[in-house]
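Observations on the three-dimensional arrangement
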Amino acid sequence: QVELVESGGGLVQAGGSLSLSCAASGSIFSIVAMGWYRQAPGQSRELVATLNRGGATSYADSVKGRFTIFTNEAKNTVYLQMSSLKPEATAVYYCNARHALPTGGSFDDWGQGTQVTVSS
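Sequence order sets the numbering: in each chain, residues are counted from 1 along the sequence as written. Side-chain atom pairs in this predicted model are given and counted only at pLDDT of 80 or more, local residue features only at pLDDT of at least 70, and totals for whole chains, interfaces and linings cover all residues. Hydrogen atoms and water are omitted, and side-chain values are computed over all heavy atoms in the structure.

**Describing the overall build of the protein**
- For the protein, the helix and strand inventory stands at zero helices and eleven strands.
- To qualify as a helix, a DSSP run of H or I must reach at least 4 residues; to qualify as a strand, a run of E must reach at least 2; elements of each kind are numbered from the N terminus. N-terminal to C-terminal, the α/β element order of the protein is β-β-β-β-β-β-β-β-β-β-β.
- Against the globule reference of 14 Å for 120 residues, the protein gives a C-alpha radius of gyration of 14 Å, in line with a compact fold.
- Overall, the C-alpha framework of the protein stretches about 50 × 30 × 25 Å when taken along its three principal axes.
- Taking the contacts inside the protein whose residues are at least 6 apart along the sequence as the reference set, 54% of them involve residues at least 24 apart.
- When the accessible surface of the protein is summed, it comes to about 6,200 Å², and 50% of that surface belongs to carbon and sulfur atoms.
- Between the averaged position of the 8 positive side-chain charges in the protein and that of its 8 negative side-chain charges there is a distance of 5 Å. What the globule rule says is 2.2 Å times the number of residues to the power 0.38, and the radius of gyration is computed from C-alpha atoms. Contacts: residue pairs with any heavy atoms within 4.5 Å of one another. Methods summary: accessible areas were calculated by the Shrake-Rupley approach with a probe of 1.4 Å, and residue burial reflects only the protein chains presented. Here Asp and Glu are counted as negative and Lys and Arg as positive; His is not counted, and neither are the chain ends. Charge positions come from single atoms, namely NZ of Lys, CZ of Arg, CG of Asp or CD of Glu.

**Examining the side chain of His99**
- Assignment of secondary structure puts His99 in strand β9 (residues 91-100).
- Owing to a relative accessible area of 0%, His99 belongs among the buried residues under this scheme.
- Side-chain atoms alone can form a polar contact between residues adjacent in sequence; in general such a contact is a pair of N or O atoms within 3.5 Å, and within protein one must be able to donate a hydrogen while the other accepts it. Polar side-chain contacts of His99 include one of 2.7 Å to the side chain of Ser30.
- Within the structure, His99 has its side chain in polar contact with the side chain of Asp109 (distance 2.7 Å).
- Other than its neighbours up to four places away in sequence, His99 contacts Val2, Ser27, Ser30, Ile31, Val32, Gly105, Ser106, Phe107 and Asp109. Relative accessibility decides the category of a residue: with a 1.4 Å probe and only protein chains considered, values under 20% of the type maximum give buried, values over 50% give exposed, and everything between is partly exposed.

**As for the sheet that holds strand β8 (residues 77-82)**
- Within the open sheet, the four strands sit side by side as β1-β3-β8-β7. Their pairing is antiparallel. Two strands close off the open sheet at either side, each with one partner strand: β1 (2-7) and β7 (67-72). Averaged over all neighbouring strand pairs, the angle between strand axes comes to 20°, with direction disregarded. By this definition, two strands are paired if DSSP reports at least two bridges between them. Note on method: axes are straight lines fitted to C-alpha atoms, helices fitted across the in-contact stretch only, with angles between N-to-C directions ranging 0 to 180 degrees.

**Examining the state of the cysteines**
- Only a pair of cysteine sulfur atoms within 2.5 Å counts as a disulfide in this structure description. On inspection of all chains with the given rule, the structure shows one disulfide.
- One disulfide in the model links Cys22 with Cys95; its S-S distance is 2.1 Å. With the S-S dihedral at roughly -80°, the linkage between Cys22 and Cys95 falls on the left-handed side. Placement of the pair is Cys22 in strand β3 (residues 18-26) and Cys95 in strand β9, with a sequence separation of 73 residues. Of the two residues examined, Cys22 and Cys95, each falls in the buried class.

**Concerning the pairing of strand β11 (residues 114-119)**
- Judged by which residues are buried, β11 turns out to be one-sided: Thr114, Val116 and Val118 face inward and are buried, whereas Gln115, Thr117 and Ser119, on the alternate face, are not.
- For strand β2 (residues 10-13) and β11, the ladder comprises four bridges, and the chain directions are parallel. Looking at the pairing, Gln13 lines up with Ser119 of β11.
- Two elements, β9 and β11, share three bridges in a ladder whose sense is antiparallel. Bridging from a neighbouring strand, Tyr93 pairs with Thr114 of β11.

Printed below as a string of structure tokens:
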């Protein structure tokens, strides 16, 4: 299990930028991918972006071209750079770490979440 500590949320005007960071500590050796998810009030949690150990990234269609996920492996930290933010991006953003089990399968660790609010 790892501890994920997020930071960087806040209030920003539409069209602005914001950067989130997520520092991982603990049993990081089994992590095969990290990502960001978000959950708006009354909605299900949805994937925003992921980055696997091989460096491959994936993004939700709604954020492609505006959000970038990247990592600083030396700091065990994953970042989400968000630009051209829209009000519909308002949500609690959660950091995720996916672990691979030796016998197959996987499990997830989650951060506590950080609020992002985009005003119109």
